[in-house]
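An overview of the molecular structure
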Amino acid sequence: MLFFSYFKDLVGQEVTVELKNDLAIRGTLHSVDQYLNIKLENTKVVDQDKYPHMLSVRNCFIRGSVVRYVQLPKDGVDVDLLHDAARREARGG
Amino acid sequence: MSVEEDATVREPLDLIRLSIEERIYVKLRSDRELRGKLHAFDQHLNMILGDVEEVITTVEIDDETYEEIVRTTKRTLPFLFVRGDGVILVSPPLRTT
């Protein structure tokens, strides 16, 4: 739940999603769900010459499981709140 | 508003909890390693790291000599969410370099 809440607070900001197949997509975070599936708007593939697949795609839905990284704005959220939330996060169980 | 946090270390995830706000080393799948400041994590080992250095290791084999050439690619990222299913291990940084 922690990262679901974190991403909800980040909606509207520009992020770069790097997928497990090495494709990187930059766009505005439109929405996220409990599986950390991501919807991006105004998307642009980072290395367009290398990955011409999505030249005309402007909005996309990304399955959470194919994400490797999400590059985030450093000042997106209060870092101290993140630290507190992580410390409180219930154990795996 | 007082928040009570259990300081007892009971299970492996508690060990990671001790490293919040500290720099850590993360070994990932696909021969990748990260070093950065741990800001948050969850039971899936999803993490948020700050001031991250990523190292990707590749081994090339020379066609003629068959020698193995080990190359590393590095890059730095200011703030990164890492999905937990790619994580192999988490540790305090190993100072070998």
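Residues numbered from 1 in each chain as written. Chains lettered and ligands numbered in written order. Predicted model: local features only at pLDDT ≥ 70, side-chain atom pairs only at ≥ 80, totals over all residues. Heavy atoms only, no water.

Per an unreviewed UniProt entry, chain B goes by the name Sm-like protein LSM3A and belongs to Camelina sativa.

Looking at an unreviewed UniProt entry, chain A carries the name Sm-like protein LSM2, with the source organism given as Camelina sativa. On record in UniProt, under Function (unreviewed entry), the comment for chain A is "Component of LSM protein complexes, which are involved in RNA processing." Here is the UniProt Subcellular location (unreviewed entry) comment for chain A, exactly as written: "Nucleus". (UniProt positions renumbered as here; feature names shortened; annotations may be inferred.)

Taken together, the contact pairs 28 residues of chain A with 35 residues of chain B. Taken together, the two surfaces of chain A and chain B that pack against each other cover about 2,800 Å², and 55% of this comes from carbon and sulfur. Counting across the interface, chain A meets chain B through six salt bridges. With a shortest N-O distance of 3.3 Å, Asp-22 of chain A and Arg-32 of chain B are connected by a salt bridge. One can count 13 residue pairs in polar contact (both at pLDDT 80 or more) joining chain A with chain B. (Contact = heavy atoms within 4.5 Å. Buried area = accessible area lost by both parts, 1.4 Å probe. Salt bridge = Lys/Arg side-chain N within 4 Å of Asp/Glu carboxyl O. Polar contact = N/O pair within 3.5 Å; in protein donor to acceptor, adjacent residues only side chain to side chain.)

With that out of the way, let us pick up unusual backbone geometry. Excluding glycine, a negative phi dihedral is what most residues carry, and trans is how most peptide bonds are arranged. One non-glycine residue with positive phi stands out, namely Asp-22 of chain A, at about 75 degrees. Along the chain, Asp-22 of chain A falls in the loop between strand S1 (14–19) and strand S2 (24–32). Here Asp-22 of chain A falls in the partly exposed class, since its relative accessible area comes to 37%. At Glu-21 of chain B, a residue that is not glycine, the phi angle is positive and equals roughly 75 degrees. Turning to its location among the elements, Glu-21 of chain B is positioned in the loop between helix H1 (12–17) and strand S1 (23–28). (Helix = DSSP H or I, 4+ residues; strand = E, 2+ residues; numbered from the N terminus. Buried < 20%, exposed > 50% of the residue type's maximum accessible area, 1.4 Å probe, protein only.)

Below, the discussion takes up the pairing of strand S3 (residues 47–61) of chain B. Sheet faces and side chains relate simply in a regular strand, where the side chains alternate between the two faces. Residues and elements named next belong to chain B. Here strand S2 (residues 32–41) runs beside S3; their pairing, made up of eight bridges, is antiparallel. Along S3, the bridge assignment pairs Glu-33 with Val-55. Both S3 and strand S4 (residues 68–82) contribute to a ladder of 14 bridges, which runs antiparallel. Pairing of Gly-50 across the sheet is with Phe-79, part of S4. Hairpin connection between S3 and S4: a loop of six residues separates the two successive antiparallel strands, and Tyr-66 in this loop has a positive phi of roughly 60 degrees. (Pairing = 2+ DSSP bridges.)

Further remarks concern the packing of aromatic side chains. Each aromatic ring pair is described using two quantities: the centre-to-centre distance and the angle formed by the ring planes. Throughout the structure, instances matching the rule amount to three aromatic pairs over all chains. Note on Tyr-6 of chain A and Phe-7 of chain A: the rings are 5.4 Å apart at their centroids and 65 degrees apart in plane angle, and the pair reads as edge-to-face. The exposure class assigned to Tyr-6 of chain A is buried, which follows from its relative accessible area of 3%. Residues Phe-7 of chain A and Phe-81 of chain B carry aromatic rings whose centres are separated by 5.0 Å and whose planes lie at 75 degrees to one another, so their mutual orientation is edge-to-face. Of this pair, Phe-7 of chain A sits in helix H1 (residues 2–9) while Phe-81 of chain B sits in strand S4, on two different chains. (Phe/Tyr/Trp six-rings, centres within 6.5 Å; stacked < 30°, edge-to-face > 60°.)

Moving on: H1 of chain A. Along H1 of chain A, the residues classified as buried are Leu-2, Phe-3, Phe-4, Tyr-6 and Phe-7 of chain A. In this structure, the buried residues of H1 of chain A make contact with S2, strand S5 (67–71) and helix H2 (79–88) of chain A together with S2, S3 and S4 of chain B.

As a further point, take the pairing of S2 of chain A. Residue and element names in this part refer to chain A. Across five bridges, S1 lies against S2 in antiparallel orientation. Note on S2: the bridge partner recorded for Glu-14 is Thr-28. Between the end of S1 and the start of S2, which pair antiparallel, lie four residues, with Asp-22 showing a positive phi angle near 75 degrees.

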